[in-house]
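Chain by chain, the residues:
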Amino acid sequence: MGVIQGLPCGRALLRALALRLAPPVVKLDPSSWEEFYAIIARTFSELPARVRWQVRLFLFVLRWMTLPLHGGLFDLLAPKDQDEVLHWLEDHPWRLLRIAFWGVRALIFTGYYGNPGLWHKMGYAPVPEGNRMLRG
Amino acid sequence: MAEEREFDVVVIGSGAGGGTAARELSALCGQGLKVAVLEAGPEYRDADFTGNELEMAGRLYFGGGGILTQDKTMTLAFARAWGGSTVVYTGTSLPLPLQRWKRWGVPGLDWEDLRRRSAKYLNENNCHLLDESLLNENNRLFRAGCRSLGLRVEQFPVNLKDCRGGGRCNLGCGHGAKQGTHRVQLPQALAAGVERATNCRVERLEGRVIHAVVESPKYGLPSQWRPGRYRIKAGIVVLAAGAVNTPALMLRSGMGSCLPMLGRRFTCQPSMILAALHERPISNYWGHPKSFYCDQFVESDGFLLETCMYFPFTTAKSLPGFGDEHADAMSRMDTLQMILALAIDDARPENRVRLDPHGETVVDYTLDEATLARLGAASGVAAQIFAAAGAGRACWPAGQIPRPGRDTITAAHLMGGCGMGTTAADSVTDAWGRVHGIPWLFVADASLFPSAAGINPYITIMALADRTAQRVRELAPELLAARGAAA
Ligand SMILES: Cc1cc2nc3c(=O)[nH]c(=O)nc-3n(C[C@H](O)[C@H](O)[C@H](O)COP(=O)(O)OP(=O)(O)OC[C@H]3O[C@@H](n4cnc5c(N)ncnc54)[C@H](O)[C@@H]3O)c2cc1C
């Protein structure tokens, strides 16, 4: 069973996408990777049914579309080729493809940037008493 | 079987508009009338606001803060809670600019009247300028950048009391510092005898009968009413469910056929979060996030610039691109200076709230060339401000026009859909929020705006809700007598 229900490729594809979209994930320890998948699964499960279906479809297409052009499934390609595909989708003339990529990018970002346990790695450390910090 | 309830006046929604209307109508309780507020969201305690971005967004906002427009090129942020979007707003408090009022041109909406009511809410909500010692560097750099470029820059009055500068206003204030309706107007309404039901989602109106469902979500305080279906008879209904949900509710209640402008001329001041990196950490996530704005270009070029500071996921989503450069900016959030660029969009009939064939709410909104160009122009000025403030790399290319679907465009100033005017041909309500042709139905929220406010809108929403409530109070004897006669 994949992280995203009904998506056969599951973690391999998400991991490959995360490594290209949010490269700092490379430093995650195994338990942080588990959290990464858990956040994505939770975010995904809260999406409307129609959007979930669209995400699944897009990820499926993304994974297989590289086979004829690059000779392999997306998650098995070299990082350079993966980047090329992602940039192509990001700025694709078809608005629908751009939107689909934007959505998947946001989903991947939830897994890393949405994890408060990692915020200190981003130089983000808010405190309830922020004014006290300001006044030194 | 639905439970039955009966009230003289029912307000639907408890945000900037609904909370104000409820308090203003609470005077009727003293005359023996029954007034109720029905609110779809739960009430929260301060301790519920954990500051966890995804968790709070999922609880506080419709669609987790990511309601997409029909073409999926923009997300709309609006909250569901006792207090509505005032629970998540930043609390910047400005009255409608004179120029916008002129553009509105609503016969019967007197400038002096609007100004006086806005002043009432500025005062009541404790709006004031923060002391210099409480302005963080992200804000001060914006001011310095604007000043060195000779741009007009103003400080926002903010409606805070005992703010401790947690900086996460948009995830709910853990200190109860922001003076939203849940802190100011609604407690007064309850004290005066207004009844309420939270977690109570109104589905539709059938004449003056309101069909609603009370739910029991896993978070927030439970409703005052038992979960289940309700049939609520009302003498007068005041809609204040916000610029998306008020028109949707009216459409769902079959009012579209006699009100051709219903849902139309929706505007939202589409915005982009722009950021630039400084070489050293600047204080940006401590203190109130939004202290300054530059409205110099509103009338001439159709955009507004404001300071802002967002949380990691929102920031990551908003910065362009991905990969190493994006990750580099995100790994140094404490060095990011942020500016919110808002386009003042034109009110167009085709931008509208409607229902899809399944009865679900849809917002048709096209980011047209003019709006996108305004955002592009705004980014050009923002880049100059960043540079003048000493920032290094700006994350968004100066002046680049955003591309729908690729670039993150969001909106939190949702307006229109039940615009004020004179007849049903040009509007949905009169200048006092009374719906054309339906004497017992009133609107008291952001949907009343005939076009964009050109500035942060909540004070104007309160002023308009205050007017609506006044008209309801004046007409209540007549309208309630008519109900009695009809019965
Ligand atoms: C993140 C953010 C920051 C903002 N910052 C500022 C700011 O600093 N200054 C400013 O001026 N403005 C700001 N705004 C905008 C401002 O908050 C809104 O314009 C204002 O609150 C809208 O008032 P309203 O009454 O129209 O709707 P809301 O305040 O959104 O209230 C509508 C209420 O109706 C309820 N409702 C909806 N449908 C139903 C239904 N069917 N049944 C029952 N209840 C229903 C909702 O749950 C909600 O509580 C901000 C908005 C956001 C999202």
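Up top you'll find the structure we're talking about.
Below: a short report on this structure. (Residues numbered from 1 in each chain as written. Chains lettered and ligands numbered in written order. Predicted model: local features only at pLDDT ≥ 70, side-chain atom pairs only at ≥ 80, totals over all residues. Heavy atoms only, no water.)

### Thoughts on the site of the ligand
All names here are of chain B.
Point 1. Near the ligand lie 38 residues; those nearest to it are Gly-17, Glu-39, Ser-85, Thr-92 and Tyr-458.
Point 2. Here Thr-92 contributes a side-chain N or O atom positioned 2.6 Å from an oxygen atom of the ligand.
Point 3. For the ligand, an oxygen atom lies 3.2 Å from a polar atom in the backbone of Pro-457.
Point 4. Taken by itself the ligand offers 1000 Å² of open surface, and the protein chains cover 94% of this.
Point 5. Looking at the shell around the ligand, the elements with two or more residues in it are α1 (16-25), β7 (200-206), α7 (242-252) and α12 (458-486).
Point 6. Broken down by element, the residue count for the shell around the ligand peaks at three residues, all from β7.
Point 7. Classifying every residue of the shell around the ligand by side-chain character gives 20 nonpolar, 14 polar and four charged. (Near = heavy atom within 4 Å. Polar contact = N/O pair within 3.5 Å; in protein donor to acceptor, adjacent residues only side chain to side chain. Areas by Shrake-Rupley, 256 points an atom, 1.4 Å probe, with all protein chains shown as cover. Helix = DSSP H or I, 4+ residues; strand = E, 2+ residues; numbered from the N terminus. Nonpolar A, V, L, I, M, F, W, Y, C, P; charged D, E, K, R; others polar.)

### Concerning the environment of Arg80(B)
Residues and elements named next belong to chain B.
Point 1. Tracing the backbone shows Arg-80 in the loop between β4 (75-76) and α3 (98-104).
Point 2. Put simply, Arg-80 and Tyr-310 are 230 residues apart on the chain and 20 Å apart in space, counted from C-alpha to C-alpha.
Point 3. Ignoring sequence-local partners within four residues, the contact set of Arg-80 consists of Glu-39, Gly-41, Pro-42, Tyr-44, Gly-58, Arg-59, Leu-60, Tyr-61, Phe-62 and Tyr-219.
Point 4. Among the polar contacts made by the side chain of Arg-80, one reaches the main-chain carbonyl oxygen of Gly-58 at a distance of 3.2 Å. (Contact = heavy atoms within 4.5 Å.)

### Side note on the interface of chain B and chain A
Point 1. Counting from both sides, the interface comprises 50 residues of chain B and, opposite them, 40 residues of chain A.
Point 2. Taken together, both faces of the contact between chain B and chain A bury some 3800 Å²; the carbon and sulfur share is 60%.
Point 3. Three residues, Trp286(B), Phe322(B) and Arg406(B), lead the burial of chain B against chain A; their summed loss comes to 19% of the area buried on that side.
Point 4. Applying the counting criterion to the chain B and chain A interface returns three salt bridges.
Point 5. A salt bridge links Asp91(A) to Arg403(B), with the nearest nitrogen and oxygen atoms 2.8 Å apart.
Point 6. Scanning the region where chain B abuts chain A turns up 19 residue pairs in polar contact (both at pLDDT 80 or more).
Point 7. Secondary-structure elements contributing two or more residues to the side of chain B that touches chain A are α2 (53-60), α9 (312-318) and α10 (324-330) of chain B.
Point 8. Residue composition of the side of chain B that touches chain A, by class: 20 nonpolar, 17 polar and 13 charged. (Buried area = accessible area lost by both parts, 1.4 Å probe. Salt bridge = Lys/Arg side-chain N within 4 Å of Asp/Glu carboxyl O.)

### Notes on the packing of α1(B) against helix α4 (residues 111-124) of chain B
Residue and element names in this part refer to chain B.
Point 1. Across the interface, α1 lies against α4 with an axial gap of 14 Å and an inter-helix angle of 95°. Classed by the angle they form, the pair α1 and α4 counts as roughly perpendicular. For the pair formed by α1 and α4, the contact residues are Thr-20, Arg-23 and Glu-24 on the first element and Lys-120, Tyr-121 and Glu-124 on the second. (Axes fitted to C-alpha atoms, helices over the stretch in contact; angles between N-to-C directions. Parallel < 35°, antiparallel > 145°, perpendicular 65-115°, else oblique.)

### Quick look at the environment of Asp8(B)
All names here are of chain B.
Point 1. Secondary-structure assignment places Asp-8 in strand β1 (residues 3-12).
Point 2. C-alpha separation for the pair Asp-8 and Gly-302, spaced 294 residues apart in sequence, amounts to 44 Å.
Point 3. When sequence neighbours within four positions are dropped, the list of residues in contact with Asp-8 reads Gly-32, Leu-33, Lys-34, Ala-234, Gly-235, Ile-236, Leu-480 and Arg-483.
Point 4. Here Lys-34 takes part through its backbone nitrogen, which lies 2.6 Å from a polar atom of the side chain of Asp-8.

### A word on the nonpolar core
Residue and element names in this part refer to chain B.
Point 1. Ranked by internal contacts, the top residues of the largest apolar core, which has 173 residues, are Met-250 and Leu-305.
Point 2. If we ignore the near neighbours within four places in the chain, the residues touching Leu-305 are Phe-142, Phe-292, Tyr-293, Cys-294, Ile-339, Leu-340, Ala-341, Ala-378, Val-381, Ala-382 and Ile-385.
Point 3. Membership of the second largest hydrophobic core comes to 25 residues, among which are Val-9, Trp-82, Ala-465 and Leu-475. (Core = buried A, V, L, I, M, F, W, Y, C linked by side-chain atoms within 4.5 Å. Buried < 20%, exposed > 50% of the residue type's maximum accessible area, 1.4 Å probe, protein only.)

### Topic: the packing of aromatic side chains
Point 1. In the structure shown here, the tally under the stated rule is 21 aromatic pairs over all chains.
Point 2. For the ring pair Phe60(A) and Trp64(A), a centre distance of 6.4 Å and an interplane angle of 35° mean the geometry is tilted. Of this pair, Phe60(A) and Trp64(A) are both found in helix α3 (residues 49-70), four residues apart, which corresponds to roughly one turn of the helix.
Point 3. Given the relative accessible area of 44%, Phe60(A) is considered partly exposed.
Point 4. For Trp64(A), a relative accessible area of 41% gives the class partly exposed.
Point 5. Considering the side-chain rings of Phe62(B) and Phe78(B), the 5.0 Å spacing of their centres and the 25° angle between planes classify their relative orientation as stacked. A residue pair is termed long-range when its members are at least 10 positions apart, and Phe62(B) in the loop between α2 and β3 (67-68) and Phe78(B) in the loop between β4 and α3 qualify at 16 residues. (Phe/Tyr/Trp six-rings, centres within 6.5 Å; stacked < 30°, edge-to-face > 60°.)

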